[in-house]
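These are the residues of each chain, in order.
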Amino acid sequence: MAKHDPLPRRIFLKQAAGAIGAVSQLGAWPALGEAIDSEKPAESAAAVRDAAFPRVFTGRKLKMIAFPLGGVAAGSVALGGRGQLRDWEIFNRPNKNEANKGSSPAYAFASVWAQAGDAKPIARVLEARILPPYEGQDGLGSNNAPGLSRLDAATFTGGYPLAHIAFEDRTLPVTVELEAFSPFIPHEPDDSGLPVAILRYRVTNPKSVRAKVSIAWSLENPVKSGAPGDPDPRQNTYQSNARISGLTMSNPALPESDPMRGTMALVAMMQPGVRVQHWRGWPQGRWWNSPMLFWDAFSAGGELGPEPEARDAIGVVLQSATLAPRQSQTFTFLLAWHFPNRTPEWCGWDAPKGKGGTRIGNYYATHFDDAWAAADYTAQHLDSLERRTRLFADAFRESTLPAAVKEAASANLSTLASTTCFRTADGEFHGFEGVDDTRGCCFGNCTHVWNYETATAFLFPSYARSLRKAAFGYSMDDAGAMRFRQLLPDGYDRFGWAAADGQMGQILHAYLDWKLTGDDGWLRELWPRVKKAIEFAWVPGGWDANRDGVMEGVQHNTYDVEFYGPNPLCGIYYLGALRACEEMARRMGDTASAAEYHRLFAEGNRWMDANLFNGQYYVQQVHGYRNDQIAPHLRGDFGAMDPEHPEYQVGDGCLIDQLLGQYLADVAGLGELVSRKNMASTLRAIYHSNYKRTLLEHDNVERTFALNDEAAVLICSYTEGKRPRIPFPYYAEVFTGTEHATAAMMIYTGMTDEGVEYIANTRARYDGEKRNPWDEAECGHHYARAMSSWSSVVALSGFEYDGGNEAVVAVPRLPHRAFRSFWASGTAWGEFTYAPGARGGTFFTLRVLTGELRCRSVEITGSGAATVLRAGGREIAHTATQHGSRTRFIMQQPLLIAEASEIRIEVRA
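Analysis parameters
- Residues numbered from 1 in each chain as written.
- Predicted model: local features only at pLDDT ≥ 70, side-chain atom pairs only at ≥ 80, totals over all residues.
- Heavy atoms only, no water.
- Helix = DSSP H or I, 4+ residues; strand = E, 2+ residues; numbered from the N terminus.
- Rg over C-alpha atoms; globule rule 2.2 N^0.38 Å.
- Buried < 20%, exposed > 50% of the residue type's maximum accessible area, 1.4 Å probe, protein only.
- Contact = heavy atoms within 4.5 Å.
- Areas by Shrake-Rupley, 256 points an atom, 1.4 Å probe, with all protein chains shown as cover.
- Lys, Arg positive; Asp, Glu negative; His and termini not counted.
- Charge placed at Lys NZ, Arg CZ, Asp CG, Glu CD.
- Pairing = 2+ DSSP bridges.
- Axes fitted to C-alpha atoms, helices over the stretch in contact; angles between N-to-C directions.
- Salt bridge = Lys/Arg side-chain N within 4 Å of Asp/Glu carboxyl O.
- Core = buried A, V, L, I, M, F, W, Y, C linked by side-chain atoms within 4.5 Å.
- Phe/Tyr/Trp six-rings, centres within 6.5 Å; stacked < 30°, edge-to-face > 60°.
- Lys NZ or Arg CZ within 6 Å of the ring centre and 35° of its normal.
- Parallel < 35°, antiparallel > 145°, perpendicular 65-115°, else oblique.
- Left-handed = near helix turned anticlockwise from the far one by under 90°.
- Nonpolar A, V, L, I, M, F, W, Y, C, P; charged D, E, K, R; others polar.
- Expected span 1.5 Å × (residues − 1).
- Polar contact = N/O pair within 3.5 Å; in protein donor to acceptor, adjacent residues only side chain to side chain.
- Disulfide = S-S within 2.5 Å.

What follows deals with the overall build of the protein chain. Scanning the protein chain from terminus to terminus reveals 21 helices and 39 strands. Taken against the 2.2 N^0.38 rule, which gives 29 Å for 909 residues, the C-alpha radius of gyration of the protein chain at 28 Å falls within 12% of a compact globule. Each of the three principal axes of the protein chain carries a C-alpha extent, and together these read 85 × 70 × 55 Å. Taken across its 909 residues, the protein chain has 64% of its residues classed as buried. A separation of at least 24 residues holds for 70% of the contacts in the protein chain among residues at least 6 apart in sequence. Carbon and sulfur atoms make up 49% of the accessible area of the protein chain, which totals about 31800 Å². Taking the average place of the 91 positive charges on the side chains of the protein chain and the average place of its 103 negative ones, the gap between the two points comes to 5 Å.

The next point concerns the sheet that holds strand β37 (residues 878-883). The mixed open sheet is built from five strands, whose spatial order is β29-β30-β34-β38-β37. Two strands in the sheet have a free side with no partner beyond their single neighbour: β29 (799-802) and β37. Neighbour-to-neighbour, the strand axes of this sheet turn through a mean angle of 20 degrees, independent of strand direction. When strand β34 (residues 853-861) meets strand β38 (residues 886-897), the two strands line up antiparallel, connected through eight bridges. Within β38, the position partnered with Arg 854 by the bridge is Leu 896.

Now for the pattern of salt bridges. Here the structure, examined in full by the defined rule, presents 59 salt bridges. For the salt bridge of Glu 127 with Arg 82, the shortest nitrogen-to-oxygen distance reads 3.2 Å. Taken together, the residues span a long stretch of sequence, with Glu 127 in strand β6 (residues 122-128) and Arg 82 in the loop between β3 (76-80) and β4 (85-89) at a distance of 45 residues. Judged by relative accessible area, Glu 127 falls into the buried class, the value being 2%.

In terms of nonpolar packing, the biggest core is built from 248 residues, with Ile 507, Tyr 559, Phe 728 and Trp 790 touching the most fellow members. Considering every element that reaches this core, the biggest residue donor is helix α15 (residues 568-587), with twelve residues. Those residues within four positions of Tyr 559 in sequence are excluded, and the remaining contacts are Leu 569, Leu 655, Ile 656, Asp 657, Ile 715, Phe 728, Pro 729, Tyr 730 and Phe 735. Listed in part, the 21 residues of the second largest apolar core include Val 196, Ile 244, Trp 372 and Leu 385.

One pass over the structure, following the stated rule, counts 62 aromatic pairs. Residues Phe 392 and Phe 396 carry aromatic rings whose centres are separated by 6.0 Å and whose planes lie at 20 degrees to one another, so their mutual orientation is stacked. Taken together, the residues span about one helical turn, with Phe 392 and Phe 396 both in helix α8 (residues 382-397) at a distance of four residues. You can call Phe 392 buried: its relative accessible area is 1%. Here Trp 790 and Phe 822 contribute two aromatic rings whose centre-to-centre distance is 5.9 Å and whose plane-to-plane angle is 80 degrees, an arrangement assigned as edge-to-face. Pair noted here: Trp 790 is in helix α21 (residues 790-797) and Phe 822 is in strand β31 (residues 819-824), with a separation of 32 residues, a long-range link. Take Trp 790 and Phe 822: they sit in the same class, and that class is buried. For Arg 485, the ring lying beneath its charged end belongs to Phe 495, and the centroid distance is 6.0 Å. Positioned above the aromatic ring of Tyr 452 is the side chain of Arg 785, whose terminal nitrogen or guanidinium carbon lies 4.6 Å from the ring centre.

Right, let's get into the sheet that holds strand β35 (residues 866-871). The antiparallel open sheet is built from six strands, whose spatial order is β31-β32-β33-β39-β35-β36. Every interior strand has two partners, whereas the edge strands, β31 and β36 (874-875), have only one. Pairing of strand β33 (residues 842-851) with strand β39 (residues 901-908) involves seven bridges; the strand directions are antiparallel. Paired with Arg 847 across the bridge in β39 is Glu 902. Running over the sheet, α8 touches β31, β32 (828-836) and β33 and is turned about 40 degrees from β32.

Our focus in this paragraph is the environment of Asp 383. Checked against the element boundaries, Asp 383 lands in helix α8. Placed 150 residues apart in sequence, Asp 383 and Pro 233 show a C-alpha to C-alpha distance of 37 Å.

Let us now look at the packing of helix α14 (residues 520-535) against α15. Between α14 and α15, whose axes approach to 10 Å, the crossing angle comes to 135 degrees. With respect to each other, α14 and α15 are oriented oblique. For α14 against α15, the interelement crossing comes out left-handed. On α15, the residues that touch Asp 520, Leu 523, Trp 527, Val 530 and Ile 534 of α14 are Tyr 574, Ala 577, Leu 578, Cys 581, Met 584, Ala 585 and Arg 587. Residues belonging to the contact of α14 with α15 are distributed by class as follows: ten nonpolar, no polar and two charged.

Think of an α-helix as turning once every 3.6 residues; residues three or four places apart then point the same way. With nine of its nine residues buried, helix α17 (residues 660-668) lies for the most part within the structure. The secondary structure elements touched by the buried residues of α17 are α11 (455-459), α13 (500-515), α15, α18 (676-689), α19 (736-749) and α21. Looking one or two residues past α17, Gly 669 carries a phi angle of roughly 70 degrees, positive in sign.

Look at α18: 20 Å from first C-alpha to last across 14 residues, which is about the 20 Å you get at 1.5 Å a residue. With respect to burial, α18 is a largely interior element, ten of its 14 residues being buried. What α18 keeps buried is the set Asn 678, Met 679, Ala 680, Ser 681, Thr 682, Leu 683, Ala 685, Ile 686, Tyr 687 and Ser 689.

Now for the side chain of Thr 861. The residue Thr 861 is located in strand β34 in this model. A relative accessible area of 19% places Thr 861 in the buried class. Polar contacts involving the side chain of Thr 861 include one to the side chain of His 816, which spans 2.7 Å. Other than its neighbours up to four places away in sequence, Thr 861 contacts Ala 810, Val 811, His 816, Tyr 834, Thr 842, Ser 885 and Arg 886.

Moving on to the state of the cysteines. Inspection of every chain in the model, using the stated rule, returns zero disulfides. Its sulfur unpaired, Cys 654 is 6.9 Å from the next cysteine sulfur, which belongs to Cys 716. On the basis of relative accessible area, Cys 654 is assigned to the buried category, the value being 1%.

Quick look at the environment of Ala 784 now. Relative to the helices and strands, Ala 784 resides in the loop between α20 (752-765) and α21. You can call Ala 784 buried: its relative accessible area is 0%. In this structure, the C-alpha to C-alpha distance between Ala 784 and Trp 450, residues 334 residues apart in sequence, is 6.2 Å.

Shown next as structure tokens:
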């Protein structure tokens, strides 16, 4: 294998600084500063000004870092801020416990040994020093030998999917850096779903003499069973080929069906000039003999020596090399896992009665026989896997979007690699809402939560379609009631009730999925189910039983209760679904249905503006209903006990996501669902009433996700209206997912500065000291709703693709005389750039980096007397239509822009 040159620290820092500078050059920050209220604490304003991507952490801000390493929907182990591994979540369930209990190995750490010339050698655990607190029942205990000497400090730089740590130590004669990642390649779910973490250490000899260096990785076999004192049946087996050398860890005593049955691989990449050694286990002993004897051998000469005859289950793989003066050498380790026995009961997913123990499996296990095979595949294809991962990371990082926006979107993409997400053996994608410490939290691809996220639609379209397959499949009954949680295994039983916002949002998502590809065959197959879903609103006792375009009925929603009577959250969602259905019906030739959907939309649109808008924002009209007036499957177990006099309502409150249907309509390009003037007023009201620049005087008896002097946007404010005696749950809380969605709406509506301000303040709360920057929590860790952060990238880039009409629009919502941005459709992704042309003209380039893009028209900023369009080195015949500051290019023949190809457009003034 060829050497892989990691991204040095100096480049990461240069890029981080450049991200700030690029935004400053656009002139965005001065305007943003003008939008900041004078009462806002300086820390909050600084969060906006000083945001950087990639983000850099030192000192106390390393404490909470847990950066997920692992494939999308394939489990993960987290890289801690000090360089340690934590949160071993590879066993088909969460494991959020840094005390290394549960499924975490008791010993899992790297060690470094170095000697310069004839000087005394130095040995350290290859981590920065442990941060306080140190108190515990047994102090810090003995797991991972916390009493062994560690390095002085570390600087952690993270921009998902790449993490970089620069270690510092006054006595170590070499410098050490770590780059860690797992392949993450948009639109390629299989190569992005490898159960592998790549740890690449780069050691540099700054001395004028030769240096000897060794790095050893010790790992306890994590495939555990049995009670303390029983014979240990675990096995560590040595394997080697031309690419990798190392250990496969297993436990043959476990039953074939046991959820913990599987394998773990710890291997070194083979490369010239690097020697590899191994022990299948530390020397066996009582008390702490084993770690002591390992450390004695390693620290003495940077070698392992003869393998112990009597050994325990803590295997070691060591790489060593001799470095000439000023030479650098990389040492690459792969951690791979293979645990095929996922069951609903084990991971925390609800199942039909009697089916909890059904093996639903993991998709990666259908590709690899064991962990060794997964590691070997990764090593064999690492050049390609890494190149494509960096292609995405570079295109995204170099986008001249505000650093805070990139940082938020990137950080929340890591949720796809957390245990929130998994892919069953049949290839289908599934997601919890989030995860508790040891089990998934809130199962079922919950439609009203997953509605917020747009990352899958743009980056992994097959996963988005999988979510739609579940929602419009067996989870929807014959009447059209879409149960908002999916049971697994699928096809045996349904969850209890439907959610109005969940069902309408899935219709909007189906439209977005189709629009991003233009795949009429897929839409044709899904369309009958979509029709049934929208028309379920009209059943007697349903959400819109009188078919007037207004949801008056009992509406279960994301706040885990039902809203009784017309309200903006569900009502505007409904308007968005009607618009989406109108467009899909026209495409399918169903003109009668399209006309009916248009009628309902027009009536509902007028009614909402006339009756729910109070002059500042939209409110709820609370209606009561008798039980016999409510259709089946519309009420859950947690809402009003007396539906004739319902509690848990919004009433006159200013709800953060009252325009949520408009949010998805904006992303999908469906236009305005209610009055634009009223939308703008509503967003200003949310900014005025819900946005708290400090929470020091905010009283909240509910769950607390933000507090003290942190800035945040509340779910609901009653500043301008009377609060019900018992309002709906969560009203006083803060959800990052709703903050991100509202920020995107603001950007679409022209309040770009305020939207970026929201995002920066949200990410300031996740600073590495107070919270893990790669874990925006709500009901559980790695909460899916927070992936709405991707929508602000889409909004600011101004990139839209209409696959049905093969039309591209690339008009950023930022100053873009000189501009670069990542883009994605459902068939390709790449980047586009603007550059100044001669005499005030414009150069525009659209590049496809992966996939292919069918294109009949392109609309860009710029107008002038002459236009030129080139592709493949030749001019393309076209017509150009100018309107205002924009020009739309229509090709005489459609273009297929292939991978690694581009089109260039020039508008000459």
